[in-house]
Amino acid sequence: MLKIKKYGAIDIGSNAVRLLVANVIEERDREPQFKKSSLVRVPIRLGADAFVSGRISEANTQRMIDAMQAFKLIMKIHGVERYKACATSAMREAENGEEVANSILKNTEVKIDIIDGKKEAAIISSTDLNQLIESDSTYLYVDVGGGSTEFTLFSKGKIIRSKSFKIGTVRLLNNKKSENKVLFSKVQSWIEENTRDYRRISLIGSGGNINKIFKMSGRDIGKPISYIYLNAQYQFLKKMSYQERISELGLNPDRADVIVPATKIYLSAMKWSGARKIYVPKIGLSDGIIKSLYFNKL
């Protein structure tokens, strides 16, 4: 007998806030299937507050309250039975992050869990990665967000190392060049140290920016992007102005600036690990929240 359950995941990132509604299809003697039903994304750039002034502004707090009320209505229409809201580096680092979360709870009854980088990496790792990973291969999973990037090394189907770095797209845009140089050198040291004993590593890329680049490439799902292609795209995007990326490439205003530093992070990870190709499965924190909710891991 077929049974369908509806779950919701709210991912409060540094660049955008997302609601994912998913159908979980249960059938006797079969593994549950997870199907995306609806994805809503709103461009509330919390990182521009948190990484510059150290506080989330009143204006963005109100936008968050409005967004959570809207998300609650959308979930009600879909008939969502369980949901979870997780916030990452912007809310984590803002000195009034807890205060904002309490204000949202009071006004909307949506409870927000502010999670650390380690938990974020663990939730993302609980997604359908196992279906993508070949048991005898080595992969470096790179999830680029607005405030942080999670790196996870998989070999022979097992997690070897995982590390979260404060190197995200919104942060890179707001930092001084000297600060970014220090951040990149720390990431380089970690990647080189942890991948030197492995041959033929491939990258798995996660995040809205790599998803967009993959879509622009016109490749079929499951086919990787090469280092050469990604580098060519990076040079192409870098030469264009912010306005040109919006008018000529049709990028959203809140994507048109962050796509350049994001591509640099993926390229750097490929260079330092020796990876020649990157797979883009289009999964992220919200997918991990759905699976973790279903299997009672949250």
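These numbers were taken from a predicted model, which means no experiment stands behind them. Per-chain numbering applies: the sequence of each chain, read as written, is numbered from 1 onward. Only residues with pLDDT of at least 70 get local features here, since the model is predicted, and only at 80 or more are side-chain atom pairs given and counted; chain-wide, interface and lining totals rely on the full set of residues. Remark: hydrogens and water are excluded; side-chain values derive from all non-hydrogen atoms of the structure.

### Description of the overall build of the chain
So, point 1. Regarding its fold elements, the chain presents 14 helices and 11 strands.
So, point 2. Its C-alpha atoms give the chain principal-axis dimensions of roughly 50 × 45 × 35 Å. Helix and strand labels come from DSSP, where a helix needs a run of H or I of at least four residues and a strand needs a run of E of at least two; each type is numbered from the N terminus.

### Considering the pairing of strand β6 (residues 138-144)
Successive side chains on a regular strand alternate, one facing one side of the sheet and the next facing the other.
So, point 1. Think of it in three bands: with a 1.4 Å probe and only protein chains considered, a residue is buried below 20% of the maximum accessible area for its type, exposed above 50%, and partly exposed in between. Of all the seven residues making up β6, seven are buried; the element is thus mostly covered by neighbouring parts of the structure.
So, point 2. Here β6 shows no split at all, with Thr138, Leu140, Val142 and Val144 on one side and Tyr139, Tyr141 and Asp143 on the other all buried.
So, point 3. We treat two strands as partners when DSSP finds at least two bridges between them. Two strands pair when backbone bridges link them, and β6 and strand β7 (residues 149-155) are joined in this way by seven bridges, in the antiparallel orientation. Looking at the pairing, leucine 140 lines up with leucine 153 of β7.
So, point 4. In sequence, β6 turns back onto β7 through a hairpin of four residues.
So, point 5. Of the pairings in the sheet, the one linking β6 to strand β9 (residues 201-206) comprises six bridges and is parallel in character. Paired with aspartate 143 across the two strands is serine 206, which belongs to β9.

### Remarks on the nonpolar core
So, point 1. Core analysis: the biggest nonpolar cluster contains 37 residues, and Leu140, Phe151 and Leu230 have the highest contact counts within it.
So, point 2. Residue contributions to this core peak at nine residues, all from helix α13 (residues 259-273).
So, point 3. Any pair of residues with heavy atoms lying within 4.5 Å of one another is described as a contacting pair. Beyond its immediate sequence surroundings of up to four residues, phenylalanine 151 is in contact with Leu140, Tyr141, Val142, Arg161, Ser162, Lys163, Phe165, Val187, Trp190, Ile191, Ile265 and Ala269.
So, point 4. In these notes, a set of buried Ala, Val, Leu, Ile, Met, Phe, Trp, Tyr and Cys residues joined through side-chain atoms within 4.5 Å is what counts as a nonpolar core. Of all hydrophobic cores here, the second largest spans 29 residues; its members include Leu46, Ala90, Ala101 and Val258.

### So, the sheet that holds strand β5 (residues 112-114)
So, point 1. Strands sit in the order β3-β2-β1-β4-β5 across an open sheet of five strands; the sheet is mixed. Edge positions in the sheet fall to β3 (33-42) and β5, since each of these pairs with one other strand and no more. Strand-to-strand twist in this sheet, taken as the mean axis angle between neighbours without regard to direction, amounts to 25 degrees.
So, point 2. In this structure, strand β4 (residues 82-87) lies alongside β5, joined through three bridges in parallel fashion. Axes, fitted as lines to C-alpha atoms, cover a helix only where it is in contact. Angles between the N-to-C directions of the axes lie from 0 to 180 degrees.

### Brief notes about the packing of aromatic side chains
So, point 1. For this analysis, a ring pair means two rings from Phe, Tyr or Trp (six-membered ring only for Trp) whose centres lie within 6.5 Å, classed as stacked if their planes differ by under 30 degrees, edge-to-face if by over 60, and tilted for the remaining angles. Evaluation of the coordinates by the stated rule reveals eight aromatic pairs.
So, point 2. Where tyrosine 7 meets tyrosine 294, the ring centres are 6.0 Å apart and the plane angle is 75 degrees; that geometry is what we call edge-to-face. Residue tyrosine 7 is located in strand β1 (residues 2-12), and its partner tyrosine 294 is located in helix α14 (residues 285-294); the two are separated by 287 residues in the primary sequence.
So, point 3. Tyrosine 7 sits in the buried class, given a relative accessible area of 4%.
So, point 4. For the ring pair phenylalanine 151 and phenylalanine 165, a centre distance of 5.8 Å and an interplane angle of 75 degrees mean the geometry is edge-to-face. Highlighted residues: phenylalanine 151 in strand β7 and phenylalanine 165 in strand β8 (residues 158-165), separated in sequence by 14 residues. In this structure, phenylalanine 151 and phenylalanine 165 share a single accessibility class: buried.

### Quick look at the packing of helix α5 (residues 117-125) against α14
So, point 1. Orientation of α5 relative to α14, taken along the N-to-C sense of each, is 75 degrees, at an axis distance of 7 Å. Taken together, α5 and α14 sit at an angle that is classed as roughly perpendicular. Facing α5, whose interface residues are Glu120, Ile123 and Ile124, α14 presents Leu285, Gly288, Ile289 and Ser292.
So, point 2. By residue class, the composition of the contact of α5 with α14 is four nonpolar, two polar and one charged. Each angle receives one of four descriptions, namely roughly parallel if under 35 degrees, roughly antiparallel if over 145, roughly perpendicular if within 65 to 115, and oblique otherwise. For this scheme, ten residues count as nonpolar: Ala, Val, Leu, Ile, Met, Phe, Trp, Tyr, Cys and Pro. Four count as charged, namely Asp, Glu, Lys and Arg, and the remainder, Gly too, count as polar.

### Remarks on the confidence of the model for the chain
Caution is warranted with low-pLDDT regions, since their predicted coordinates should not be read in detail.
So, point 1. Confidence in the prediction of the chain, expressed as mean pLDDT, is 92, and 96% of residues score 70 or more.
So, point 2. Per-residue confidence from the predictor is reported as pLDDT, which spans 0 to 100. Here helix α6 (residues 129-132) is the element of the chain with the lowest mean pLDDT, 63, and α13 is the one with the highest, 98.

### Observations concerning a positive patch on the surface
So, point 1. Nonpolar side chains (Val, Leu, Ile, Met, Phe, Trp, Tyr) are joined into patches within 5 Å and like charges within 9 Å, using only residues with over 30% relative accessible area and no salt bridge. Using the Shrake-Rupley algorithm and a 1.4 Å probe, accessible areas are obtained, with residue cover drawn only from the displayed protein chains. In the sections that follow, a salt bridge refers to a side-chain nitrogen of Lys or Arg positioned within 4 Å of a carboxyl oxygen of Asp or Glu. His is not counted, nor are the chain ends; Lys and Arg add positive charge and Asp and Glu add negative charge. Note on charges: their place is set at NZ of Lys, CZ of Arg, CG of Asp or CD of Glu. Taken together, the side chains of Lys177, Lys238, Lys239 and Lys264 make up a positively charged region of the molecular surface.
So, point 2. Examined against the element boundaries, lysine 177 turns out to sit in helix α8 (residues 177-195).

### Let's talk about the pairing of β8
So, point 1. The pairing of β7 with β8 spans seven bridges and is classified as antiparallel. Counted as the bridge partner of threonine 149 is phenylalanine 165 from β8.
So, point 2. Where β7 folds back onto β8 in an antiparallel hairpin, the turn is made up of two residues, including lysine 156, whose phi is positive at roughly 55 degrees.

### Regarding the packing of helix α10 (residues 227-239) against α13
So, point 1. In contact at an axis separation of 10 Å, α10 and α13 are set at 150 degrees when each is read in the N-to-C sense. Relative to α13, the element α10 is oriented roughly antiparallel. Viewed along their axes, α10 and α13 form a crossing whose handedness is left-handed. Contacts from Tyr227, Leu230, Asn231, Tyr234, Leu237 and Lys238 of α10 reach α13 at Ile259, Val260, Thr263, Lys264, Tyr266, Leu267, Met270 and Lys271.
So, point 2. When its residues are assigned to classes, the contact of α10 with α13 shows nine nonpolar, two polar and three charged. Working rule for handedness: look at the near helix, and if it is turned counterclockwise from the far one by less than a right angle, call the crossing left-handed; if clockwise, right-handed.

### Brief notes about the environment of arginine 199
So, point 1. Structurally, arginine 199 can be placed in the loop between α8 and β9.
So, point 2. As for arginine 199 and serine 273, which are separated by 74 residues in sequence, their C-alpha atoms are 9.2 Å apart.

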